[in-house]
Amino acid sequence: MFATCRRLGLGTVAVYTEPDAAAPHVAEADARVRLPSTDDYLNAGAIVAAARAAGADAVHPGYGFLAENAEFASAVQDAGLVWVGPPVDAVRAMGSKIESKKLMAAAGVPVLDELDPETVTDAQLPVLVKASAGGGGRGMRIVRKLSALPAEVAAARREAQSAFGDSTVFCERYLPTGHHVEVQVLADGHGTVWSVGERECSIQRRHQKIIEETPSPLVERVPGMRAKLFDAARVAAGAIGYTGAGTVEFLADDDGEFYFLEMNTRLQVEHPVTEETTGLDLVELQLMIAEGGRLNTESPPAEGYSIEARLYAEDPAHGWQPQAGPVHTIDVPGVSTQFCTLGRRTGIRLDSGIVDGSVVSIHYDPMLAKVISYAPTRRQSALLLADALARTRLHGLRTNRDLLVNVLRHPAFLDGSTDTAFFDTHGMVELATPLADTATVRLSAIAAALADAAHNRSAAKACGVLGSIPSGWRNLASGYQVKTYRDDADVEHRVEYRFTRTGLVLPGDPAVQLVSAAVDQVVLAEAGVAHSFTVARHGPDVYVDSARGPVHLVVLPRFPEPGSAVEQGSLVAPMPGNVIRLGAQVGDAVTAGQPLIWLEAMKMEHTISAPADGVLTQLNVETGQQVEVGAILARVEAPQRGSAEGDSR
């Protein structure tokens, strides 16, 4: 948004909350207004007051929080400000998924029947519980057993209330395998409605998109589907007198039959792929339409292929747990442009919400950045994007980067066999496999140890203390120097080395040879092949990047602090968050897998369960308490089965 305004010569104002004070959008704005509370992105009055205080004359709603809130749109207009969005009545009509489906059905757009959670039967299972007021996966639950429906509806309502301020939910028939296909529409106030290409967003986790592309592989292979989709999207926009940019979303089967899901009365997160294939700046067109401008009679044709990957602060291998904390480094290689179209040139675009030094909080969505590729062919676009992500230096947080790369390189994805069951079909565990194999992790640990030795030599030299003598050098043969690291799989790597007159000796890795070692760059050779490793240190964390895959290591102290070990049976907070619910009290008997603590982080609920059968002997938290990652929340003690087992415990 700000990048477009800058190109158009328009001034910008940012609103922000305290956790976002150092966010890039705040620094980029010409003026900025701090909102009083962390929840004030959902406070229409506070945002309107900020706009008036800053002297703004228009409000762009973005694509989150109040972007699809009719009351907010009305408040903006009542304050004498230009609303860069569709008419209030159109926002209201599409603001409820329940009511919008009725409108679309009346207009002749195919829909899936809405089901009342109170009357769902076994015959209608499985069903999908959905929040009526929003999207992004919030408030969504798949229910396959009728007995589980009440609890899942209650959880969905809590998430919907937290994310959208509206707890209304409904159910619809769940299609285990389908295709999420959407159409970008643009409509002016003079009767012209464009369908500007479709996007396929079937690669999803928790019903939230992570990879989006245009054109859709499904639409490409089903004759006549594109024309039907475009017609349905135009009918949907016309039925509610729509103006501005919007997206009509459909769920389609393998034969190309599709059903209306919802209409997003805003710009979509994935809008860059449409911009890359059409050459349009959708934000510029939003501003133009808001000023009363006219679209051309025909929309521009789409050319080439564009794919977007959403980079999230989350751990896919552990239930998509969101991550929070500092981002030391983000460096995406080969970026041709940021927040701007590539001009139909093969390359990489980066739209990022973080920079080096950013801190990701627990309060908002875990999306960090969008990396977008464009190429003449779909395969080239996928491989180009995978390569850029694989070579990205991203230090400080666990992310879904390795998963994204594995999906983009997967034969099924490259063949266009993408549907909403992709992770179930091809195995989440396999797709979340780290890019660096065990041999690469070992070489990276050696590189980290040798870079650390070079760092020590450099520091000694700066102090004038025998800096030219190799680290650990002795006049006579002596013991080896030792560095120990732990990788993300909790495997320890002990690296023994010694510098001699003839070079480096690695007793545990005799086939590895040192080519060169500097403070941040080490070159190792194995079987005559040399590999470069870039090493960065941030406290005890070491990040080693190479063409073989990124590796994160933690330096283990030679002498651990007394009492630092976590007791068996302890429940550790996997993320920072807010305790919203407790499932047991001290003294209660619990069973393995029983939910004990519910945390809310980034507007999603996360359950902490009992690790084994036993008794809850310790509970260190209460409802409403904020906890940090790694905090000991509770402890479950297994029952003793005799004195010998009790003594060993």
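Refer to the structure presented above.
Residues numbered from 1 in each chain as written. Predicted model: local features only at pLDDT ≥ 70, side-chain atom pairs only at ≥ 80, totals over all residues. Heavy atoms only, no water.

Our focus in this paragraph is helix α3 (residues 44-54). Inspection of α3 places Ala 46, Ile 47, Val 48, Ala 50 and Ala 51 among the buried residues, and these make up the whole buried set. Of the residues that open α3, the one with a side-chain oxygen 3.1 Å from the backbone nitrogen of Gly 45 is Asn 43. One or two residues past the end of α3 sits Gly 55, with phi positive at roughly 80 degrees. (Buried < 20%, exposed > 50% of the residue type's maximum accessible area, 1.4 Å probe, protein only. Helix = DSSP H or I, 4+ residues; strand = E, 2+ residues; numbered from the N terminus. Polar contact = N/O pair within 3.5 Å; in protein donor to acceptor, adjacent residues only side chain to side chain.)

This part is about unusual backbone geometry. Keep in mind that most residues, glycine aside, have a negative phi and that most peptide bonds are trans. At the junction of Leu 125 and Pro 126, the peptide bond is cis and its omega measures out at -5 degrees in the coordinates. A cis amide bond, omega -5 degrees, links Thr 214 with the succeeding residue Pro 215. Note on placement: Pro 215 falls in the loop between β11 (208-214) and α8 (217-221). Positive phi values are uncommon outside glycine, yet Trp 320 reaches one of about 60 degrees. By secondary structure assignment, the location of Trp 320 is in the loop between β15 (314-315) and β16 (321-322). When its relative accessible area of 11% is taken as the criterion, Trp 320 is described as buried. Although it is not a glycine, Ala 527 sits at a positive phi angle of roughly 55 degrees. Within the secondary structure layout, Ala 527 lies in the loop between β28 (521-526) and β29 (529-538).

With 6 bridges connecting them, β28 and β29 associate as antiparallel partners. Counterpart to Ala 525 in the pairing with β29 is Ala 530. Counting the residues in the hairpin turn of β28 and β29 gives 2 residues, including Ala 527, whose phi is positive at 55 degrees. Taken together, the 5 bridges between β29 and strand β30 (residues 541-545) define a ladder with antiparallel strand orientation. If you follow Thr 534 over to β30, its bridge partner there is Asp 545. Connecting β29 to the next strand, β30, in antiparallel fashion are 2 residues, including Gly 539 with a positive phi near 65 degrees. (Pairing = 2+ DSSP bridges.)

Hydrogen bonds between backbone groups are what pair the strands of a sheet, and the pairing can be parallel or antiparallel. Pairing in this open sheet of 8 strands is antiparallel, and the strands run β26-β25-β24-β31-β30-β29-β28-β27 from one edge to the other. Here the strands that pair on one side only, and so sit at the sheet edges, are β26 (503-505) and β27 (512-517). Sheet twist, expressed as the average angle between the axes of neighbouring strands with direction ignored, equals 35 degrees. (Axes fitted to C-alpha atoms, helices over the stretch in contact; angles between N-to-C directions.)

Mapped onto the secondary structure, Gln 323 falls in the loop between β16 and β17 (325-326). Of the polar contacts made by the side chain of Gln 323, one reaches the backbone oxygen of Gln 321; its length is 3.0 Å. Residues in contact with Gln 323, not counting those within four places in the same chain, are Ala 313, Glu 314, Asp 315, Val 360, Leu 397, Arg 398, Pro 574 and Met 602. (Contact = heavy atoms within 4.5 Å.)

Now for the packing of α3 against helix α4 (residues 70-78). Between α3 and α4, the shortest axis-to-axis distance is 10 Å and the interhelical angle comes to 30 degrees. What the angle tells us is that α3 and α4 run roughly parallel. The crossing of α3 and α4 is right-handed. Every residue of α4 that contacts α3 at Ala 44, Ile 47 and Val 48 is listed here: Phe 72, Ala 75 and Val 76. Classifying every residue of the contact of α3 with α4 gives 6 nonpolar, no polar and no charged. (Parallel < 35°, antiparallel > 145°, perpendicular 65-115°, else oblique. Left-handed = near helix turned anticlockwise from the far one by under 90°. Nonpolar A, V, L, I, M, F, W, Y, C, P; charged D, E, K, R; others polar.)

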